[in-house]
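Next come the chains, spelled out residue by residue.
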Amino acid sequence: HESWAIDLLTGRYKASQAQEEVIALKDLDAEVNFQGNWQRNSVGTYRSDNKGDCFYYNFFGTGIKLYGRDGPDGGYARVNVLDKNGQSVVESIVDMYCLYPTSNLKFVSPALPKGNYKLVVTVLGERGNWSDKRKNNYGSVGNGVAPEKLTVQP
């Protein structure tokens, strides 16, 4: 569960609904600044394989989540949250690779003091690969980053 609560007396947990604003990136052309060679597919989602391509989104709240599309051609992205002074408050690398296409949660910021922030997501132009003892290569066949939606915690 993405959001849950634990009863400290019984040790049981239950799923809870976080209060957050859900934002589909395909609906935010005016509010999300895509820089570089992002391609929009037939269902309206964005994707880039190009190192250095980025997008940013300004938000007011106490946290943000990034959801993305994984696939066999997925790569790595840097996720950075900047404060109102442009200083990084959290940075992480996320992996968009999966053998089978799927959509899921990629990044969750820590709880932040309520304020103005900027989320910056950058394509690293790298991917995960590995090999076995026979030198067979496995892993991603591309460097793609495909963000789908954001949620902002008020």
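The coordinates are above.
Structure report, in brief. These numbers were taken from a predicted model, which means no experiment stands behind them.

1. Let's talk about the packing of aromatic side chains
- By the definition in use, this model includes six aromatic pairs.
- Look at Trp 38 and Phe 55: their rings are 5.8 Å apart centre to centre, the planes differ by 75°, and that puts the pair in the edge-to-face class. Taken together, the residues Trp 38 in the loop between strand 4 (32-35) and strand 5 (39-40) and Phe 55 in strand 7 (residues 54-61) connect sequence positions 17 residues apart.
- By relative accessible area, Trp 38 is classed as buried at 10%.
- An aromatic cluster of at least three residues, connected via ring pairs, comprises Phe 34, Trp 38, Tyr 46 and Phe 55.
- Between the NZ or CZ atom of Lys 118 and the centre of the ring of Tyr 56, over which it lies, the distance is 4.3 Å.
- Lying across the ring of Tyr 67, Lys 149 places its NZ or CZ 4.5 Å from the centre.

2. Side note on the sheet that holds strand 4
- One open sheet accounts for five strands, arranged 4-7-12-9-10; its pairing is antiparallel. The sheet is open, and its two edges are formed by strand 4 and strand 10 (88-95), each paired on a single side. Across the sheet, the mean angle separating the axes of adjacent strands is 20° when strand polarity is ignored.
- Across eight bridges, the pairing between strand 7 and strand 12 (residues 115-123) is antiparallel. Looking at strand 12, one finds that Gly 61 is bridged to Gly 115.

Rules behind the numbers
Residues numbered from 1 in each chain as written. Predicted model: local features only at pLDDT ≥ 70, side-chain atom pairs only at ≥ 80, totals over all residues. Heavy atoms only, no water. Phe/Tyr/Trp six-rings, centres within 6.5 Å; stacked < 30°, edge-to-face > 60°. Helix = DSSP H or I, 4+ residues; strand = E, 2+ residues; numbered from the N terminus. Buried < 20%, exposed > 50% of the residue type's maximum accessible area, 1.4 Å probe, protein only. Lys NZ or Arg CZ within 6 Å of the ring centre and 35° of its normal. Pairing = 2+ DSSP bridges. Axes fitted to C-alpha atoms, helices over the stretch in contact; angles between N-to-C directions.

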